[in-house]
Amino acid sequence: MLDVSDEVRAEIGDEEADRLLDGGDAPGSYDCTSCRTPGDSEQERTSTVLFVGEETAVLAFAHATCIPSQVVPVSEEQLKGAVRSITGKDDDTAHTPVQEPGPVAPPPAGEHQATLGITCGLVLIEGELRPALVVEPNGPIARPGSMSQQDEFLPLLREQGFGNVTDMNQLPAPNPGWSALLAMGKLHAVLQPGSAGNQSAWWQAHQPLAVSEGWRAAANKAQAVLMYAAPAGTIGHQPREDLMRQALEQAAAQGVLVAAAMPLAGTAA
Ligand SMILES: [Zn+2]
């Protein structure tokens, strides 16, 4: 019960695609590349997901209910991590919150090169635990071409559709065109609308960011995440989710918190 999308077929060729569909190379049981729980291509609809690096590609499988069959471009380094993850030679440490400084990809908006810290945590809104990404740069973000030392991180995000948070108990509004790329059970990138309807990476993990079981489950259930962002020095490194919540509430009270809801990449209707 395999799905092979046209774009995956174009990459692996008709012969391999047909062999998969005939069942010759079907995986049988597998670990879903999205939610990481077991799947069985003989029992349930299964998506083929092709991770393509600069030189190599890896075919993986996912529940069709988690993500559709698709091609996911990744760096060669990420691909090696993906292979380790598929073959199980992976010391995936799952604790919450998880934090990793990642380099900011030079985005079309052209923010000044700085490092973004991203923390994954669960926030309780309207009686439900929601998967959240909390983004905070390690220094001021200047407007492209500007010599000013003024921190333009929040104004730039507001211009890109993020809304001010005044109350942490309110669900942030969706920001169309943005999405979070969760693959192999890890956070790979935050994507923004690019030119000609394509998405480009606003943030890309240097190493894919490990997330906790609970966070992954919540993200897969909602098929969406909430992204919060605050200027450098606002949230800090919070070791516990209740402390992160407190810091977010303080930032909201000071008017220095923006947020948006965004779907998982590949799931957007
Ligand atoms: Zn799954």
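Residues numbered from 1 in each chain as written. Predicted model: local features only at pLDDT ≥ 70, side-chain atom pairs only at ≥ 80, totals over all residues. Heavy atoms only, no water.

Tallied over the entire structure, the rule returns four aromatic pairs. Taken together, a centroid distance of 6.5 Å and an interplanar angle of 25° make the contact between Phe-153 and Trp-202 stacked. Separated by 49 residues along the polypeptide, Phe-153 in helix 4 (residues 153-159) and Trp-202 in strand 13 (residues 199-210) bring together distant segments of the chain. Looking at Phe-153, the relative accessible area reads 1%, which means it is buried. Three or more aromatic residues joined by ring pairs form one cluster here, namely Phe-153, Phe-162, Trp-178 and Trp-202. (Phe/Tyr/Trp six-rings, centres within 6.5 Å; stacked < 30°, edge-to-face > 60°. Helix = DSSP H or I, 4+ residues; strand = E, 2+ residues; numbered from the N terminus. Buried < 20%, exposed > 50% of the residue type's maximum accessible area, 1.4 Å probe, protein only.)

Going through the model one piece at a time under the given rule, you end up with nine salt bridges. Its salt-bridge partner being Arg-19, residue Glu-16 comes within 2.7 Å of it at the nearest N-O pair. Of this pair, Glu-16 and Arg-19 both sit in helix 2 (residues 14-22), three residues apart, roughly one helical turn. Given a relative accessible area of 37%, Arg-19 falls into the partly exposed group. Arg-245 is the partner of Glu-249 in a salt bridge, and the nearest nitrogen-oxygen pair spans 3.0 Å. One end of the pair is Glu-249 and the other is Arg-245, both in helix 6 (residues 241-253) and four residues apart, which spans about a single turn. (Salt bridge = Lys/Arg side-chain N within 4 Å of Asp/Glu carboxyl O.)

This part is about the coordination of the zinc ion. Protein-derived coordination of the zinc ion comes from Cys-32 (SG), Cys-35 (SG), His-63 (ND1) and Cys-66 (SG), at a distance range of 2.0 to 2.4 Å. If you look at the zinc ion, its four donor atoms make angles of 103 to 118° with each other, and the shape they trace is tetrahedral. Ordering the donors of the zinc ion by residue number gives the pattern C-x2-C-x27-H-x2-C. Taken together, the residues Cys-32 in the loop between strand 2 (29-31) and strand 3 (38-40) and Cys-66 in the loop between strand 5 (57-63) and strand 6 (70-73) connect sequence positions 34 residues apart. Residues Cys-32 and Cys-66 agree in their burial class; the two are buried. (Donors = N, O, S within 2.8 Å, 3.2 Å for Na, K, Ca; no water. Tetrahedral: all angles 85-135°; square planar, octahedral: opposite > 155°, others 65-115°.)

As for its position among the elements, Ser-34 is in the loop between strand 2 and strand 3. When its relative accessible area of 1% is taken as the criterion, Ser-34 is described as buried. Reaching out from Ser-34, the side chain makes a polar contact with the side chain of Asn-220 at a distance of 3.1 Å. When sequence neighbours within four positions are dropped, the list of residues in contact with Ser-34 reads Ala-62, Cys-66, Ile-67, Gly-185, Arg-216 and Asn-220. (Polar contact = N/O pair within 3.5 Å; in protein donor to acceptor, adjacent residues only side chain to side chain. Contact = heavy atoms within 4.5 Å.)

With respect to the secondary-structure elements, Pro-174 resides in the loop between strand 10 (163-164) and strand 11 (179-183). Given a relative accessible area of 63%, Pro-174 falls into the exposed group. In sequence terms Pro-174 and Ala-224 are 50 residues apart; their C-alpha atoms lie 9.6 Å from each other.

Everything listed here is a matter of coordinates, which is why it stays silent on function.
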